[in-house]
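Given next are the chains, with one letter for each unit.
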Amino acid sequence: MNGTNRADIQPGIEVKIVLKQDQRSGKLTAGVVKDLLTKSPNHPHGIKVRLESGDVGRVKVIV
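All of the points below concern the structure found in this document. All values derive from a computational prediction rather than experimental measurement. (Residues numbered from 1 in each chain as written. Predicted model: local features only at pLDDT ≥ 70, side-chain atom pairs only at ≥ 80, totals over all residues. Heavy atoms only, no water.)

This brings us to the environment of serine 25. You can see serine 25 is positioned in the loop between β1 (14–19) and β2 (28–36). Among the polar contacts listed, one links the side chain of serine 25 to the backbone nitrogen of lysine 27, at a separation of 3.3 Å. (Helix = DSSP H or I, 4+ residues; strand = E, 2+ residues; numbered from the N terminus. Polar contact = N/O pair within 3.5 Å; in protein donor to acceptor, adjacent residues only side chain to side chain.)

Here we take up the pattern of salt bridges. A side chain of one charge can pair with a side chain of the opposite charge when the charged atoms of the two come close. Tallying each qualifying case throughout the model produces 1 salt bridge. With a closest N to O distance of 3.0 Å, aspartate 35 and arginine 50 form a salt bridge. Of the two residues, aspartate 35 is situated in strand β2 and arginine 50 in strand β3 (residues 48–51); the sequence distance between them amounts to 15 residues. Judged by its relative accessible area of 27%, aspartate 35 is partly exposed. (Salt bridge = Lys/Arg side-chain N within 4 Å of Asp/Glu carboxyl O. Buried < 20%, exposed > 50% of the residue type's maximum accessible area, 1.4 Å probe, protein only.)

The next point concerns the pairing of strand β4 (residues 56–62). Two elements, β1 and β4, share 5 bridges in a ladder whose sense is antiparallel. Within β4, the position partnered with isoleucine 17 by the bridge is valine 59. Sheet analysis places β3 next to β4, joined by 3 bridges and oriented antiparallel. Residue valine 49 lies in a different strand from β4, and its bridge partner there is glycine 57. In textbook terms, the turn of a hairpin is the stretch between consecutive antiparallel strands, and for β3 and β4 this stretch comprises 4 residues, one of which, glycine 54, has a positive phi near 100°. (Pairing = 2+ DSSP bridges.)

Below, the structure written as structure tokens:
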């Protein structure tokens, strides 16, 4: 599943996100969702989340 639909993502699930500084390289960072930051029901580049580690980025893969 990709991370473009807000309904697919809840706090506590494991995801892979792309951080702002990694958007050019496409490097993914794995972690557990703490907060959902995107308010709209979907976003073409991925829903923005904050991980429990504090990293903020857009969801690319739901593990």
